[in-house]
Amino acid sequence: MPKMKTKSSCKKRFKVTAKGRVKAGQAGKRHGMIKRTNKFLRTARGTTTLSAPDEKIVKSMMPYSR
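To keep things clear, this report deals only with the structure shown in the data block. Predicted model only: the values in this text are computed from it and were never measured.

## Here we look at the overall build of the protein chain
- When you go through the protein chain residue by residue, the secondary structure sums to 3 helices and 3 strands.
- For the protein chain, the succession of helices and strands along the chain, N to C, is α-β-β-α-β-α.
- Computed over its C-alpha atoms, the radius of gyration of the protein chain comes to 15 Å, more than 25% above the 11 Å expected for a compact globule of 66 residues.
- Here the C-alpha coordinates of the protein chain stretch approximately 55 × 25 × 15 Å along the principal axes.
- When the 66 residues of the protein chain are sorted by exposure, 17% land in the buried category.
- Taking all contacts inside the protein chain whose residues are at least 6 apart in sequence as the whole, residues at least 24 apart take part in 56%.
- For the protein chain, the computed accessible surface area is about 5,800 Å², with 55% contributed by carbon and sulfur atoms.

Reading the values: the criteria
- The residue count restarts for each chain, going from 1 along the sequence in the order it is written.
- Side-chain atom pairs in this predicted model are given and counted only at pLDDT of 80 or more, local residue features only at pLDDT of at least 70, and totals for whole chains, interfaces and linings cover all residues.
- Water and hydrogen atoms play no part in the side-chain values, which are based on all heavy atoms of the structure.
- Put simply, DSSP marks the helices as runs of H or I at least four residues long and the strands as runs of E at least two long, and each gets a number from the N terminus on.
- In this description the radius of gyration comes from C-alpha coordinates, and the expected globular size is given by 2.2 Å times residues to the power 0.38.
- Each residue gets one of three labels from its accessible area relative to the maximum for its type: buried under 20%, exposed over 50%, partly exposed in between, using a 1.4 Å probe on protein chains only.
- Residue contacts follow a heavy-atom distance rule, with two residues in contact if any of their heavy atoms lie within 4.5 Å.
- Values of accessible area rely on a 1.4 Å probe in the Shrake-Rupley scheme; residue burial ignores everything except the protein chains shown.

The following block contains the structure:
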């Protein structure tokens, strides 16, 4: 059986944690910061874990992640 391929876009954007959750960068911070509230900017720092349905999609594209 041949090896399955990992989506290159996914391996660049996501990491799988030790517990199997998918970690991703926060969305909505590329441009247009002037219209965002300070509260939004504070809470959107760093990374976040994906929701279960999104996690399922990403994991299907990364067959060899933990």
